[in-house]
Amino acid sequence: MNLRFTKMHGLGNDFMVIDGISQSLPENGLPFPEDEIRRLGSRHFGVGFDQMLIVQPAQGGEADFRYRILNADGSEVSQCGNGARCFARFVREQGLTDKNEVVVETAAGQMTLSLTEDDQVTVNMGAPRWAPQDIPMAATEEADSYFLVSGTQAWEVGAVGLGNPHCTLLVENVDTAPVETAGPLLESHEQFPERVNVGFMQVVSRTEVRLRVYERGAGETLACGSGACAAVVIGQRRGLLDQQVTVHLPGGSLQIEYAGTGGIRMTGPASRVYDGTIEVDTD
Ligand SMILES: N[C@H](CCC[C@H](N)C(=O)O)C(=O)O
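As named in an unreviewed UniProt entry, the protein chain is Diaminopimelate epimerase, taken from Alcanivorax nanhaiticus. Quoted verbatim from the Subunit (unreviewed entry) field of the UniProt record, the comment on the protein chain reads "Homodimer."

Set out below in structure tokens:
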């Protein structure tokens, strides 16, 4: 089939956004076979993306849309913060809604996305989930930090669920953090039954951090919205950060706000790059 898509990014975390409302997608569970998703995600053989985002009609309740998220390795996940900002801009600009505030449902629950005047988007990412079974993580009880051992190495991490699993390490300097080595080791660590997104956080002050993220199913990305939220609440839990924190990622900065109750609020840009069409294999 010939598929229309829009390439977008949130601070360089890039997405292939597909309108599954105005164009009919195969209904075989996933819109395309996993190997076709991986081809489309390839920066040499396809469109190239960190995640594919699919806009679908809501399945009931007060949500306006359903939001499906597929990593570049073809795995389907339930949360994507930078993607949510792009989603909000996409449905508005596609004319799929005339609202500036939309509710989207994912497999992990609902989120509220708000387009602001200064062309930014604020996402209520929901409350952090600390219980191991909600991360998910194979720990016996909730803790401020966990020691993960792999071979002769051990890392102290915070871990939290945001609809997707995150662990965050504190480092002196993100520029020299062992992202390429510890990232893949921790991403597939046995303590995380569904794998995990791995953040490397340098605390600059109580209101400012630097962060790099090795994402589950995508590798290191230029930005990770849910990873920024995870790093802030893990830093707050350690007593290191205030309620409002600027998170500096390689692709740019996000504003994260969490007052200890309710949802974590993330604000940042959403950019449209180009519209395209591509022939896809749906068998
Ligand atoms: N880039 C996304 C995170 C994608 C998470 C995905 N890698 C996973 O497996 O959970 C974000 O901005 O939140």
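Draft legend 1. How the structure looks around the site of the ligand. In the region of the ligand, 15 residues are neighbours, and N13, G81, R216, G225 and S226 sit closest. Here an oxygen atom of the ligand sits 2.5 Å away from a polar atom, N or O, in the side chain of S226. Surface burial for the ligand is 100%, taken as the share of its 360 Å² of free accessible area covered by protein chains. Taken together, the residues of the shell around the ligand sort by class into 3 nonpolar, 10 polar and 2 charged. Inspection of the shell around the ligand shows a minimum of three residues originating in each of domain 1 (2-116 + 271-279) and domain 2 (132-262).

Draft legend 2. Quick look at helix α2 (residues 81-93). The end-to-end C-alpha distance of α2 is 19 Å, a good match for the 18 Å that 13 residues give at a rise of 1.5 Å each. Of all the 13 residues making up α2, 11 are buried; the element is thus mostly covered by neighbouring parts of the structure. Every buried residue of α2 is listed here: G81, N82, G83, A84, R85, C86, F87, A88, R89, F90 and V91.

Draft legend 3. Highlighting the state of the cysteines. Using the criterion set out here, one finds 0 disulfides in the structure. Here C80 stays unpaired: no disulfide links it, and the sulfur of C224, its closest cysteine neighbor, is 7.3 Å away. C86 carries a free sulfur, and the closest cysteine sulfur to it, the one in C80, is 8.1 Å from it. With a relative accessible area of 0%, C86 lands in the buried category.

Draft legend 4. A look at the UniProt feature "active site" (unreviewed entry) in the protein chain. The UniProt feature table records "active site" (unreviewed entry) at C80 and C224. Over a stretch of 145 residues, the named residues converge on one spot in the fold, their C-alpha atoms separated by at most 7.9 Å. When near neighbours in sequence (up to four residues on either side) are disregarded, C80 contacts F15, Q51, L53, Y67 and I69. Inspection of the secondary structure assignment puts C224 in the loop between β14 (219-221) and α4 (225-237). When its relative accessible area of 3% is taken as the criterion, C224 is described as buried. Those residues in contact with C224 that sit more than four places away from it in its chain are N13, N82, H166, V213, E215, L249 and L254.

Draft legend 5. Representation of the confidence of the model for the protein chain. Averaged over the protein chain, the pLDDT score is 94; the fraction of residues at 70 or greater is 99%. Confidence metrics for the complex model read pTM 0.95 and ipTM 0.90.

Draft legend 6. The pattern of salt bridges, seen in detail. Summed over the entire model, instances satisfying the criterion amount to 19 salt bridges. Taking the shortest distance from any N to any O, the salt bridge between D73 and R195 comes out at 2.9 Å. On the criterion of sequence distance, the pair formed by D73 in the loop between β4 (65-71) and β5 (76-77) and R195 in the loop between α3 (179-187) and β12 (197-205) is long-range, its members being 122 residues apart. Judged by relative accessible area, which is 24%, D73 ranks as partly exposed. The exposure class of R195 is partly exposed, given its relative accessible area of 26%. With a closest N to O distance of 2.6 Å, R237 and D144 form a salt bridge. A residue pair is termed long-range when its members are at least 10 positions apart, and R237 in helix α4 and D144 in the loop between β8 (120-124) and β9 (146-150) qualify at 93 residues. What makes R237 partly exposed here is its relative accessible area of 27%. Under the relative-accessibility criterion, D144 is labelled partly exposed at 43%. Several salt bridges share partner residues, and in doing so they unite K7, D14, R43 and D50 into one network.

Draft legend 7. Representation of the domain arrangement of the protein chain within the structure. In terms of domain boundaries, the protein chain breaks down into domain 1 (2-116 + 271-279) and domain 2 (132-262). Using C-alpha coordinates to define each centre, domain 1 is positioned 24 Å away from domain 2. The interface of domain 1 with domain 2 comprises 17 residues on the first partner and 18 residues on the second. Interface area, domain 1 with domain 2, both sides summed: about 1,100 Å², of which 49% is carbon and sulfur. Summed over the shared surface of domain 1 and domain 2, the result is 1 salt bridge. Counting the contacts that link domain 1 with domain 2 gives 7 residue pairs in polar contact (both at pLDDT 80 or more). Of the residues forming the side of domain 1 that touches domain 2, the biggest block, 3 residues, is contributed by α2. For the side of domain 1 that touches domain 2, a count of residues per class yields 4 nonpolar, 10 polar and 3 charged.

Definitions and cut-offs
Residues numbered from 1 in each chain as written. Predicted model: local features only at pLDDT ≥ 70, side-chain atom pairs only at ≥ 80, totals over all residues. Heavy atoms only, no water. UniProt positions renumbered as here; feature names shortened; annotations may be inferred. Near = heavy atom within 4 Å. Polar contact = N/O pair within 3.5 Å; in protein donor to acceptor, adjacent residues only side chain to side chain. Areas by Shrake-Rupley, 256 points an atom, 1.4 Å probe, with all protein chains shown as cover. Nonpolar A, V, L, I, M, F, W, Y, C, P; charged D, E, K, R; others polar. Domains from an automatic or database assignment. Helix = DSSP H or I, 4+ residues; strand = E, 2+ residues; numbered from the N terminus. Expected span 1.5 Å × (residues − 1). Buried < 20%, exposed > 50% of the residue type's maximum accessible area, 1.4 Å probe, protein only. Disulfide = S-S within 2.5 Å. Contact = heavy atoms within 4.5 Å. pLDDT = per-residue confidence, 0-100. Salt bridge = Lys/Arg side-chain N within 4 Å of Asp/Glu carboxyl O. Buried area = accessible area lost by both parts, 1.4 Å probe.

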